[in-house]
Amino acid sequence: MTEEFDYNYVIAGRPGYYQAGYKDIMDLPQVSWHSSHYSGFKTFWEKQAVLWNFAKIPNRIIKVPFARYVFPRLYPHNFPNGKPLCFLFFGNTHKVYRSNYTDYLRKTYPGVRLVLFLQDLISRHYSFDLDEARSKFDLIISYDRGEAQREGLLFHPTPMSRVEINDNPEIPSSDVYFCGHAKSRYHQVHEVFQLCTKAGLKCDFNILGMPVHAGRLNGIRYLSKPISYTENLERMYKSRCILEIMQDGADGHTPRLWESIIYDKHLITNNSAIKDSPFFHSDGNHLLSSLTPEGIKAWIAQPVRYPEELKDSLSPRHLLHFIDQQLSR
């Protein structure tokens with residue numbers, strides 16, 4: 001059955017996780033997906049015009065100097081029906097939406113609606129101006145329930161689609177998998193690594209951006225640059241369990257929870273709020289606070305299966321229907 005939305009959606013997307021998370025909607029007739037703001041530009045010089053149009057240095061002299069050329073070609077779309085347009089931006093496309101491109105959209109497409117979906121904490125981005133965003137967008141959605149409540153924003157979880165994952169023979173199987181930035185959580189990651197190895201389990205732990213003077217453990221990969229999201233999925237796929245350590249101040253669900261549900265993996269998490277979540281699954285979700293070597297050995301060998309309706313509830317189709325409903329109020 002063809003998916004029907006009230007709006008035609010032009011989505012200013014990103015590469016990496018977004019290519020997997022939003023896969024379900026990329027080819028829908030009412031969606032024009034763009035992995036980059038360069039997607040409508042072919043040649044080197046065209047892309048240079050886009051780069052300099054939004055770069056800090058030239059904008060100190062002339063605001064969006066190539067706007068007349070860039071704006072009409074940005075995020076190209078061609079919908080066969082006459083439904084109104086909705087442009088969906090993510091928080092990390094701020095170079096575009098903080099310019100006067102949003103003014104251009106409202107002048108060019110009467111009745112257009114503009115929506116911002118924040119998939120990271122506002123507190124992590126010192127340059128983000130919420131008042132400025134409120135003046136530009138019809139809706140602002142946060143992935144984090146607590147932040148949405150504090151700031152008076154709408155709440156919706158980040159989405160996840162099912163994508164095929166290669167069984168990469170170069171990646172060994174593991175019992176517990178972690179990949180993430182060190183931030184302030186690497187102490188906890190180290191503790192879980194030591195607990196799991198004490199239990200005789202095989203760990204595939206990958207930490208990015210480790211502080212220079214911090215201690216390191218043998219058996220953990222300390223990365224100088226991020227691995228691709230494809231490799232992340234391949235490593236997750238070869239493991240029985242995913243470790244999720246939430247960043248300070250966050251209680252929104254992360255892609256690690258979605259990956260555990262979609263691909264039937266156990267999840268160790270320090271997010272105690274998961275027990276009150278509709279996504280909680282007692283056989284598959286294990287709180288870090290109650291983790292012991294004996295306990296993890298007892299359940300990690302047991303297969304876990306999540307309900308199909310739970311997996312389907314993560315699809316980005318539901319996000320677009322949610323936006324439809326909010327815009328019709």
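Just above sits the structure.
Now for a quick tour of the structure. (Residues numbered from 1 in each chain as written. Predicted model: local features only at pLDDT ≥ 70, side-chain atom pairs only at ≥ 80, totals over all residues. Heavy atoms only, no water.)

### Observations concerning helix H10 (residues 186-198)
Think of an α-helix as turning once every 3.6 residues; residues three or four places apart then point the same way.
Here is step 1 of the chain: In this model, H10 (13 residues) spans 18 Å end to end at C-alpha, consistent with the 18 Å of a helix rising 1.5 Å per residue.
Here is step 2 of the chain: Within the span of H10, buried status applies to Tyr186, Val189, His190, Val192, Phe193, Leu195 and Cys196.
Here is step 3 of the chain: Where the residues of H10 are buried, they touch strand S7 (174-181), strand S8 (203-208), strand S9 (221-223), strand S10 (239-244) and helix H13 (293-299).
Here is step 4 of the chain: Phi turns positive one or two residues past the end of H10, at Gly200, with a value near 80°. (Helix = DSSP H or I, 4+ residues; strand = E, 2+ residues; numbered from the N terminus. Expected span 1.5 Å × (residues − 1). Buried < 20%, exposed > 50% of the residue type's maximum accessible area, 1.4 Å probe, protein only. Contact = heavy atoms within 4.5 Å.)

### Focus on the sheet that holds strand S11 (residues 266-269)
Picture the strands of a sheet paired through backbone hydrogen bonds; they go either parallel or antiparallel.
Here is step 1 of the chain: Spatially, six strands are ordered S9-S8-S7-S10-S11-S12 in an open sheet, and the strand pairing comes out parallel. Strand pairing shows two members of the sheet lacking a second neighbour, S9 and strand S12 (285-287), which therefore form its edges. Strand-to-strand twist across the sheet, computed as the mean angle between neighbouring axes with direction ignored, equals 20°.
Here is step 2 of the chain: Here S7 pairs with S8 via six bridges, running parallel. When the sheet's bridge partners are listed, Phe178 is paired in S8 with Phe205.
Here is step 3 of the chain: Where H10 meets the sheet, its contacts fall on S7, S8, S9 and S10, and the angle it forms with S8 comes to roughly 165°. (Pairing = 2+ DSSP bridges. Axes fitted to C-alpha atoms, helices over the stretch in contact; angles between N-to-C directions.)

### Considerations on the packing of aromatic side chains
Here is step 1 of the chain: Within this structure, the stated rule accounts for 27 aromatic pairs.
Here is step 2 of the chain: Every member of this aromatic cluster is reached through a ring pair, and the members are Phe54, Phe71, Tyr75, Phe87, Phe89, Tyr97, Tyr101, Tyr104, Tyr109 and Phe137.
Here is step 3 of the chain: Lying over the aromatic face of Tyr222, Arg216 brings its terminal NZ or CZ to 5.3 Å of the ring centre.
Here is step 4 of the chain: Over the ring of Tyr237 we find Lys265; its NZ or CZ atom is 5.5 Å from the centre of that ring. (Phe/Tyr/Trp six-rings, centres within 6.5 Å; stacked < 30°, edge-to-face > 60°. Lys NZ or Arg CZ within 6 Å of the ring centre and 35° of its normal.)

### What to know about the nonpolar core
Here is step 1 of the chain: With 52 residues, the main nonpolar core has Tyr9, Tyr22, Leu88 and Ile323 as its most contacted residues.
Here is step 2 of the chain: Here the element with the most residues in this core is helix H15 (residues 316-327); it accounts for five residues.
Here is step 3 of the chain: Discounting residues that sit within four places of it in the chain, Tyr22 has contacts with Tyr17, Trp33, Phe90, Phe117, Gln119, Pro159, Ser161, Pro316 and Leu319.
Here is step 4 of the chain: In terms of nonpolar packing, the next biggest core, distinct from the first, is built from 32 residues, Phe54, Ala67, Leu130 and Ala148 among them. (Core = buried A, V, L, I, M, F, W, Y, C linked by side-chain atoms within 4.5 Å.)

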